[in-house]
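Notes for the structure review
The lines below spell out each chain.
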Amino acid sequence: MKTSLTIAGSDSSGGAGIQADLKTFSALGTYGMSVITAVTAQNTRGVLSVQDISPNIIEDQLDAIFTDIKVDSVKIGMLSTVETIKVVAKKLKEYNASHVVLDPVMISKSGYDLLHPEAVEALKEELLPLASVVTPNVPEACKLTGAEIKTIKEMEDAACLLIKEGPSAVLMKGGHLEEEPTDVLFNGETFTHFYGKRIQTKNTHGTGCTLSAAISAGLARGLVLEDAVKQAKEYITGAIKNSLNIGSGHGPTHHFYDLYEKAGVYKEEGFKI
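**Structural notes on the overall build of the protein chain**
- Of regular secondary structure, the protein chain possesses nine helices and nine strands.
- What you see for the protein chain is a C-alpha radius of gyration of 17 Å, in line with the 19 Å of a compact globule of 273 residues.
- Over its C-alpha atoms, taken along the principal directions, the protein chain stretches across nearly 55 × 45 × 40 Å.
- Here the protein chain holds 273 residues, and the buried ones make up 53% of them.
- Put simply, of all contacts in the protein chain between residues at least 6 apart along the chain, 68% involve residues at least 24 apart.
- For the protein chain, the computed accessible surface area is about 12,300 Å², with 51% contributed by carbon and sulfur atoms.
- Put simply, the protein chain has 26 plus and 34 minus side-chain charges, and the middle of one group is 5 Å from the middle of the other.

**So, the environment of Pro136**
- Its place among the elements puts Pro136 in the loop between β6 (133–134) and α5 (138–145).
- As for Pro136 and Gln42, which are separated by 94 residues in sequence, their C-alpha atoms are 22 Å apart.
- With residues near it in sequence (within four places) discarded, Pro136 still touches Pro104, Ala141, Leu144, Leu162, Val170, Leu171, Met172 and Lys173.

**A word on the pairing of strand β1 (residues 3–11)**
- In terms of residue burial, β1 counts as a mostly covered element, since nine of its nine residues are buried.
- Here β1 pairs with strand β2 (residues 31–43) via nine bridges, running parallel. Note that in β2 the partner of Gly9 across the bridge is Ala38.
- In terms of handedness, the path from β1 via helix α1 (residues 17–27) over to β2 forms a crossover that is right-handed.
- In the sheet, β1 pairs with strand β4 (residues 73–76) via four bridges, with the strands oriented parallel. From the neighbouring strand, Leu5 faces β4, where its bridge partner is Val74.

**Description of the state of the cysteines**
- Under the counting rule described, the total for this entry stands at zero disulfides.
- Cysteine Cys142 is unpaired, with the sulfur of Cys160 as its nearest cysteine sulfur at 15 Å.
- Here Cys209 is not disulfide-linked; the sulfur of Cys142 is the nearest cysteine sulfur, at 19 Å.
- Owing to a relative accessible area of 14%, Cys209 belongs among the buried residues under this scheme.

**As for the pairing of strand β9 (residues 191–195)**
- Covered by surrounding structure in β9 are Thr192 and Phe194 only, the residues Phe191, His193 and Tyr195 on the alternate face being uncovered.
- Between strand β8 (residues 182–186) and β9, which pair antiparallel one after the other, the connecting turn spans four residues, and Gly188 there sits at a positive phi close to 95 degrees.

**A short note on helix α3 (residues 82–94)**
- With 13 residues, α3 should cover 18 Å at 1.5 Å per step; its first-to-last C-alpha distance of 18 Å lies within 8% of that length.
- By the burial criterion, the buried members of α3 are Val82, Thr84, Ile85, Val87, Val88, Ala89, Lys91 and Leu92.
- Considering only its buried residues, α3 is in contact with β1, β2, α2 (55–66), β4, β5 (100–102) and α4 (120–127).
- Positive phi appears at Asn96, one or two residues downstream of α3, with a value of about 50 degrees.

**Section: the packing of aromatic side chains**
- Scanning all chains against the criterion turns up three aromatic pairs.
- Taking the centre distance of 4.3 Å and the plane angle of 15 degrees together, the rings of Phe186 and Phe191 count as stacked.
- On the basis of relative accessibility, which here comes to 5%, the residue Phe186 falls in the buried class.
- Of the residues examined, Phe191 reaches a relative accessible area of 32% and is grouped as partly exposed.

The rules behind these values
- Residues numbered from 1 in each chain as written.
- Predicted model: local features only at pLDDT ≥ 70, side-chain atom pairs only at ≥ 80, totals over all residues.
- Heavy atoms only, no water.
- Helix = DSSP H or I, 4+ residues; strand = E, 2+ residues; numbered from the N terminus.
- Rg over C-alpha atoms; globule rule 2.2 N^0.38 Å.
- Buried < 20%, exposed > 50% of the residue type's maximum accessible area, 1.4 Å probe, protein only.
- Contact = heavy atoms within 4.5 Å.
- Areas by Shrake-Rupley, 256 points an atom, 1.4 Å probe, with all protein chains shown as cover.
- Lys, Arg positive; Asp, Glu negative; His and termini not counted.
- Charge placed at Lys NZ, Arg CZ, Asp CG, Glu CD.
- Pairing = 2+ DSSP bridges.
- Right-handed = clockwise from strand over helix to strand, strands pointing away.
- Disulfide = S-S within 2.5 Å.
- Expected span 1.5 Å × (residues − 1).
- Phe/Tyr/Trp six-rings, centres within 6.5 Å; stacked < 30°, edge-to-face > 60°.

In structure tokens, the structure reads:
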């Protein structure tokens, strides 16, 4: 059994963060473990409040995992403070962590700052050089590079800027562009485009977390990066197509949609997605 570790915040509504990551790891065949960096009070309508976990507890969680269990991949999500970023970077270096997928979570769908503004530079300096791949969406890439991004070509240009910060690869997510969603993977030498079709649903809570966790699971299982991204893209597309109409805001994606299909759950009388 391969293992995947998520280092991220907890989402009380279960659609994003640690909860989404663990569901994704299980769905894609790895054993999931977690280091919680913050506890959020949130639901499908937005984030009410956040309490950061102390750096000492974060450090202890990392030590507890790495000194006992082999970690085949790491997914990094919400790290809201400079202190949190520094302790995570220190421990990943100490344990020589491999297959690190960095999702630079900055702002929630409701507009809540999940990464303190003063921590952006720390993220770039401390964690980008450790990343096997960094997976920003367009608004996040704009904040990290200072560039304006409205086209696929500008996504490629931003990826070139980000690769100079040290990650082995950059996956630019194009869901925020007006055209059909195209993701751009850049490994420092070549660009690979992953094309998709826009799915008309408001239930997209946790899509970024889920995609990066899916890439992490693929890398843990030995897939090369392009294949891990391809698998993750297919998985998140199915999860969005079968998203759950839960809550009154942006509902979650369905992490176990294929398992439900195989189990015949959808055929049961009265079951609706």
